[in-house]
Amino acid sequence: MQSSENRCVVRTAGRLDTNTAPDLEQVLQEVTASEVILDCSALEYVSSAGLRVILATHKRMAGEGKTLTLQGVRPEVRSVLDMTGFSRILHLAE
Amino acid sequence: MRREITLQNNTQELPRLVALIEALERDWAIPPEVAYALQLALEEVVVNAMHYAYPSGERGEITVRIERQEESICCTVEDAGIPFDPTRTPAANIDLEAEERAIGGLGIHLARAVMDQMSYCRQEGRNQLKLIKKTIRE
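Residues numbered from 1 in each chain as written. Chains lettered and ligands numbered in written order. Predicted model: local features only at pLDDT ≥ 70, side-chain atom pairs only at ≥ 80, totals over all residues. Heavy atoms only, no water.

1. Section: the overall build of chain A
Looking only at helices and strands, one finds four helices and five strands in chain A. Put simply, chain A runs from its N terminus to its C terminus through helices and strands in the order β-β-α-β-α-β-α-α-β. In summary, chain A has a C-alpha radius of gyration of 12 Å against a globular reference of 12 Å for 94 residues, a match within 12%. For chain A, the spread of C-alpha atoms along the principal axes amounts to about 30 × 25 × 20 Å. The buried share of chain A, reckoned over its 94 residues, is 46%. Residue pairs in contact within chain A that sit at least 24 positions apart in sequence constitute 72% of those at least 6 positions apart. Counting only carbon and sulfur atoms, one obtains 46% of the accessible surface of chain A, whose full area is about 4300 Å². Computed over 10 positive and 12 negative side-chain charges, the inter-centroid distance for chain A is 4 Å. (Helix = DSSP H or I, 4+ residues; strand = E, 2+ residues; numbered from the N terminus. Rg over C-alpha atoms; globule rule 2.2 N^0.38 Å. Buried < 20%, exposed > 50% of the residue type's maximum accessible area, 1.4 Å probe, protein only. Contact = heavy atoms within 4.5 Å. Areas by Shrake-Rupley, 256 points an atom, 1.4 Å probe, with all protein chains shown as cover. Lys, Arg positive; Asp, Glu negative; His and termini not counted. Charge placed at Lys NZ, Arg CZ, Asp CG, Glu CD.)

2. Focus: the pattern of salt bridges
Opposite charge on two side chains permits them to pair, given that their charged atoms come into close proximity. A full pass over the atoms with the stated rule returns 14 salt bridges over all chains. Salt-bridge contacts for Arg 16 of chain B lead to Glu 13 of chain B; the nearest nitrogen and oxygen are separated by 3.1 Å. Its relative accessible area of 39% is what places Arg 16 of chain B among the partly exposed residues. With its nearest N and O atoms 4.0 Å apart, the salt bridge here joins Asp 27 of chain B to Arg 26 of chain B. Salt bridges sharing common partners tie together Arg 15 and Asp 17 of chain A together with Glu 43 of chain B. (Salt bridge = Lys/Arg side-chain N within 4 Å of Asp/Glu carboxyl O.)

3. Some remarks on the layout of surface pockets
Approximately 590 Å³ is the volume found for the largest pocket. Lining the largest pocket are 23 residues, and of these Ser 48 of chain A together with Asn 48, Gly 105, Leu 106 and Gly 107 of chain B lie nearest its centre. For the lining of the largest pocket, the secondary structure elements donating two or more residues are helix H1 (21–30) and helix H2 (48–63) of chain A together with helix H2 (32–52) and helix H3 (107–114) of chain B. For the lining of the largest pocket, the leading source of residues is H2 of chain B, giving five residues. Of the residues in the lining of the largest pocket, the class split is eleven nonpolar, nine polar and three charged. Taken together, the elements giving at least two residues each to the lining of the second largest pocket come down to helix H3 (75–83) of chain A together with H2 and strand E5 (126–134) of chain B. At four residues, H2 of chain B tops the list of elements feeding residues into the lining of the second largest pocket. By residue class, the composition of the lining of the second largest pocket is seven nonpolar, two polar and seven charged. (1 Å grid on protein atoms, 1.4 Å probe; cavity = no way out; pocket = protein on both sides within 12 Å on 5 of 7 lines; lining within 4 Å. Points joined across faces, edges and corners; volume = space filled by probe spheres on them. Nonpolar A, V, L, I, M, F, W, Y, C, P; charged D, E, K, R; others polar.)

4. Comments concerning unusual backbone geometry
Residues and elements named next belong to chain B. The phi angle at Ala 29 is positive, at roughly 50°, despite the residue not being glycine. Residue Glu 124 is not a glycine yet carries a positive backbone phi of 50°. In this structure Glu 124 comes out as exposed when scored by relative accessible area, which is 80%.

5. Re the interface of chain A and chain B
Each partner contributes to the interface: chain A provides 24 residues, whereas chain B provides 27 residues. For the pairing of chain A and chain B, the buried interface totals around 2000 Å² over both sides, and the portion due to carbon and sulfur atoms is 59%. Summed over the three residues of chain A that lose the most area to chain B, namely Asn 19, Tyr 45 and Met 83 of chain A, the buried surface amounts to 25% of that side. In this assembly, chain A and chain B are joined by two salt bridges. If you list the elements that add at least two residues to the side of chain A that touches chain B, you get strand E3 (35–46), H2, H3 and helix H4 (86–89) of chain A. Looking at which element gives the most residues to the side of chain A that touches chain B, the answer is H2 of chain A, with seven residues. Across the side of chain A that touches chain B, the residue classes break down as ten nonpolar, seven polar and seven charged. (Buried area = accessible area lost by both parts, 1.4 Å probe.)

Below, the structure is given as structure tokens:
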């Protein structure tokens, strides 16, 4: 995790599944920056447990006037975001 | 070719299932996109069974059979828990905006989306969910 006062980059890698999603949730809950970049360039797999954490964080931050952006999403993860309509409602960046 | 694994209803057992699918991807030369679909669909339905098949605090087992067929992979997930037919759960509305979305409820939707067939039967007091993924594109 890299952080400045208003911007924070959180890197996630490997599998974001039932057993690992709570770890990411805890990290994201501790971030206070107004702009959070979730670096997904090394994220290979996401299940609904990971999506739940991402959506909950997106909603919480939006409610506080903050933004969560998913950066560098790989095609296999992007397909899961597409199947669930998440690619339309989340902020994605190259 | 067929492999079977029995898991306790505890999500800490999930890595055993992940490792089995990774081994089959290698041993059976399963295309990566098919292996990804198996990982996703089986995590979703198995974790659902781990959470809800048995009453809270009661130990139970979930058995997963994976069979390589000529043009598909057939998976069967069985438990002896409360009757539950995932194929009858309402379709998730993926067109809702973020603020209208409930947190959760996408697991069965994803399993349906990545597999080609999903069918359920209740037999001899057991839930049997069959999931089929074609290995050859039409």
